[in-house]
Amino acid sequence: MNVMKFFIPLLAALLLAGPATQAQDATADALTREREEQTGTAITILFDNSGSMKGEKLQQAKSAFSAWLKTVPAEYKFSLITFEGKGQLTVPLGEKTRDLIAQRVAKLNANTSTPICGALRIAREQIEKRRREVTPYERHVVLIFTDGQETADPRGENGVRADIAALRAQTVEVVGVGFHGQGDYMNGVATRFALANNEQELMQGLAKVDAEIGGVDDLLVSPEDLAALKRYQAPAVQPISASAAPVTAEAEPVSADTPSQAPPASGKKGFPLNWIIIAVAAWFILRTLSNVGKKAKRNR
Amino acid sequence: MNDFILWAGVDSEIVGLAGNTEFFTAPNNPVGFNATQTRAVAYYEQTGLVSKAQKLNFAGWDFGSDFGSGLKTKEPEKKTFASAAEVRRAADSKDASKLFSYTFKFPAKMAEIRWQDYRQVFETMHEKVTRYGGAVVLLRGHADNFFYNFVQMKRAKGDTTYQRRIEGSTQFELLPLPTAEEVANSANKLSYSRAFAVKQAYAQYLRENLGRTQDEMDLSRFDVKGMGISDPVVKSPTTPEEREANMRGELVIIAVEAEVPVGFGADDLK
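Keep in mind it's a predicted model, so treat the numbers as computed, not measured.

### Here we look at the overall build of chain A
And step 1. When helices and strands are tallied, chain A shows nine helices and six strands.
And step 2. Expressed as a percentage of the 300 residues in chain A, the buried residues total 29%.
And step 3. Sequence separation of 24 or more characterises 71% of the internal contacts of chain A that already satisfy a separation of 6 or more.

### Focus: the confidence of the model for chain B
All names here are of chain B.
And step 1. With 75% of its residues at a pLDDT of at least 70, chain B reaches an overall mean of 79.
And step 2. Across chain B, element-level confidence peaks in strand 4 (residues 136-142) with a mean pLDDT of 95 and bottoms out in helix 1 (residues 2-15) with 43.
And step 3. The low-confidence segment residues 1-19, where pLDDT is below 50, has 18 contacts with residues more than four positions distant or belonging to other chains.
And step 4. Across the interfaces of the predicted complex, the ipTM metric reaches 0.70, alongside a pTM of 0.70.

### Description of the sheet that holds strand 6 (residues 192-195) of chain A
All names here are of chain A.
And step 1. With mixed pairing, six strands are arranged side by side in an open sheet as 3-2-1-4-5-6. The two strands at the open ends of the sheet, each matched to only one other strand, are strand 3 (88-94) and strand 6. Within this sheet the neighbouring strands show an average axis-to-axis angle of 15°, counted without direction.
And step 2. Of the strand pairs in this sheet, strand 4 (residues 139-146) and strand 5 (residues 173-178) are connected by six bridges, and their pairing is parallel. Pairing of valine 141 across the sheet is with glutamate 173, part of strand 5.
And step 3. In the packing of helix 4 (residues 116-133) onto the sheet, the strands contacted are strand 1 (41-47), strand 2 (77-82), strand 3 and strand 4, and the crossing angle to strand 1 comes to about 160°.

### Description of the packing of helix 4 of chain A against helix 5 (residues 156-169) of chain A
All names here are of chain A.
And step 1. For the pair helix 4 and helix 5, interaxial distance at closest approach is 9 Å and the crossing angle is 15°. Taken together, helix 4 and helix 5 sit at an angle that is classed as roughly parallel. Seen along the crossing, helix 4 lies across helix 5 with a hand that is left-handed. For the pair formed by helix 4 and helix 5, the contact residues are Ile116, Cys117, Leu120 and Arg124 on the first element and Gly159, Val160, Asp163 and Leu167 on the second.

### Considering the confidence of the model for chain A
Residue and element names in this part refer to chain A.
And step 1. On average, residues of chain A carry a pLDDT of 77, and 72% of them reach 70 or more.
And step 2. Predicted confidence for residues 6-20 stays below pLDDT 50, and this span has zero contacts to residues more than four positions away or in other chains.
And step 3. Across residues 247-271 the pLDDT falls below 50, and counting only partners more than four positions away or on other chains, this stretch makes seven contacts in the model.

### So, the interface of chain B and chain A
For an interface, size is often stated in terms of accessible area lost upon the parts coming together.
And step 1. Every contact between the two is made by 46 residues of chain B and, on the other side, 38 residues of chain A.
And step 2. Among the elements of the structure, helix 6 (146-157), strand 5 (161-165), helix 7 (180-210) and strand 7 (222-226) of chain B are those that each provide at least two residues to the side of chain B that touches chain A.
And step 3. At 16 residues, the largest contribution of residues to the side of chain B that touches chain A is made by helix 7 of chain B.
And step 4. Its residues assigned to classes, the side of chain B that touches chain A comprises 20 nonpolar, 16 polar and ten charged.

### Side note on the nonpolar core
And step 1. Within the largest apolar cluster, 51 residues are counted, with the highest numbers of intra-cluster contacts made by Val137(B), Val198(B) and Tyr202(B).
And step 2. Counting only elements with at least two residues in this core, the list comes to helix 4 (84-92), helix 5 (119-131), strand 4, helix 6, helix 7, strand 7 and strand 8 (248-256) of chain B.
And step 3. At 14 residues, helix 7 of chain B tops the list of elements feeding residues into this core.
And step 4. Leave out the neighbours within four places in its chain, and Tyr202(B) touches Trp115(B), Phe122(B) and Met125(B).
And step 5. Core analysis: the second largest hydrophobic core is formed by 41 residues, Ile43(A), Phe65(A), Ile144(A) and Val177(A) among them.

### Brief notes about the pairing of strand 5 of chain B
Successive side chains on a regular strand alternate, one facing one side of the sheet and the next facing the other.
Residues and elements named next belong to chain B.
And step 1. The pairing of strand 5 with strand 6 (residues 172-176) spans five bridges and is antiparallel. Looking at the pairing, arginine 165 lines up with phenylalanine 172 of strand 6.
And step 2. Here strand 5 hands over to strand 6 after six residues, with glycine 168 in that stretch at a positive phi of 75°.

### So, the pairing of strand 2 of chain A
All names here are of chain A.
And step 1. For strand 2, a buried count of six out of six residues is recorded, marking the element as mostly surrounded by other parts of the structure.
And step 2. What you see with strand 2 is no split at all: Lys77, Ser79 and Ile81 on one side and Phe78, Leu80 and Thr82 on the other are buried throughout.
And step 3. Across six bridges, strand 1 lies against strand 2 in parallel orientation. Across the sheet, residue threonine 44 finds its bridge partner in strand 2, namely serine 79.
And step 4. Considered for its hand, the β-α-β crossover made up of strand 1, helix 2 (residues 56-71) and strand 2 is right-handed.
And step 5. Across four bridges, strand 2 lies against strand 3 in antiparallel orientation. Residue leucine 80 lies in a different strand from strand 3, and its bridge partner there is valine 91.
And step 6. Linking strand 2 back to strand 3 in an antiparallel pair, the connection comprises five residues, with glycine 85 at a positive phi of about 60°.

### So, the sheet that holds strand 4 of chain B
Residue and element names in this part refer to chain B.
And step 1. With mixed pairing, four strands are arranged side by side in an open sheet as 3-8-4-7. Each edge of the open sheet is held by one strand with a lone partner, namely strand 3 (96-105) and strand 7. Averaged over all pairs of adjacent strands, the angle between their axes in this sheet comes to 15°, without regard to strand direction.
And step 2. The pairing of strand 4 with strand 8 spans seven bridges and is antiparallel. Within the sheet, the bridge partner assigned to valine 136 lies in strand 8 and is isoleucine 254.
And step 3. Across the sheet, helix 5 is in contact with strand 3, strand 4 and strand 8; its angle to strand 3 comes to roughly 160°.
And step 4. Contacts from helix 7 reach strand 3, strand 4, strand 7 and strand 8 within the one sheet, and its direction differs from that of strand 4 by about 145°.

What counts, and at which threshold
Residues numbered from 1 in each chain as written. Chains lettered and ligands numbered in written order. Predicted model: local features only at pLDDT ≥ 70, side-chain atom pairs only at ≥ 80, totals over all residues. Helix = DSSP H or I, 4+ residues; strand = E, 2+ residues; numbered from the N terminus. Buried ≥ 20, exposed ≤ 12 C-beta atoms within 10 Å, placed from the backbone. Contact = placed C-beta atoms within 7 Å. pLDDT = per-residue confidence, 0-100. Pairing = 2+ DSSP bridges. Axes fitted to C-alpha atoms, helices over the stretch in contact; angles between N-to-C directions. Parallel < 35°, antiparallel > 145°, perpendicular 65-115°, else oblique. Left-handed = near helix turned anticlockwise from the far one by under 90°. Nonpolar A, V, L, I, M, F, W, Y, C, P; charged D, E, K, R; others polar. Core = buried A, V, L, I, M, F, W, Y, C linked by C-beta atoms within 7 Å. Right-handed = clockwise from strand over helix to strand, strands pointing away.

Pasting the structure below:
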């Protein structure tokens, strides 16, 4: 009986506390989710399905890609750009797209040109849009799986290098992945370069880097490096939120009290007063000169 | 009419007359605020005192059960601002003035804070945002730029590797030098997380200290931004103290002066 005396209120308290705890957790969970959504990782994959990949090469590439994709966390956002036409956005950036991308890549045929620059342009535009409209704090990685050279852009390899450098300047990590020893012209230009047959290198391509170091002894800093750091003039860096701001500024709302501007005197629809003044003055000068000429003739 | 309503509110506070939340909020109470108002409006129109009477807006006050504590301002249930852009517009307006500011310190690589460690700051913050209905809370997170500078300096020298201590060990490992965009990406994320941590801690304060539910929290007035390494206190830090000064989250509460404080009382009207 005594047990029941304590057990029933305890059970009641637990039942009452249950929903309240759930509600509290819902708030915390919503905020945690918001924070994670704002700062996640988004990977844009450029997959070379050009004619040069035909046959065994494409099968090997698909197999290497599939094995690698399985090792990447599913909570990352993925996008797929393939090489049809001037480059095609096959799967837009979004959540839960990893399996869809695996399916699409498995079905790809090797029958296009190699528009790497066009594909990079699509990637850049998509990232800029996402930074403007969703969040500027995501880590963006562009992976270029290719075996060859740019064939659509007249700038060729130099165009690819320039476009990679432009992306990196926008705080986008670009990882070049070469097949069959190809694509090494990206080495040194991309953030990282790896060969598709080297799984360890591939994984390193996606390794995260810490922004800060912990204690002073976390990093080996030589006396020369320390002296150089003291002299180092850090260049001004723009916050990512500013670089992701819309290109066109929002128009200021016009108040009903704002007086309308008078049309400019020289405007197309305005009265061309200055031209009339010039014409009258010119006519007057010519007339005077003509009279002077006539007078001189008469005097002669 | 407005004056009458205003003084009715002040009277309630002065004489300690308890309000009844149910009276104001229950839509089907036959003698509640809603029904009484409908009858009053009909009466004014029928008698020709007004051609078209307008319904009064509900002030959203919770008079509470304790007379001694007087009028209490109820948390707004609707969001004060519809979007972050609206918050920024309000903060940038010419009438905006700073009400309160505070700088939170963070350990390296960390982006968590507990409201219990800053109880007074969160109490002040809550007092300001409650009193000023249109107050906006700007949160700006920052990351230290030492490692970014280190990487840039090493790259300028032509180095491609650096040595970093293996976690939990006294040994160092040789690692490829990261690129500027890798460190900057990480700094952007860290700085945003620091700013957001203040918002999260405030929500925890409301929930754990004031017993607020999700519906009773108005978090729309927060403008959270990660500044990355763009605005360090010390531009070229080399000592631990200088680096720590850069690891921070800044809180600034802005009020738009044209707004009337929500929690006005008898003293405000003298």
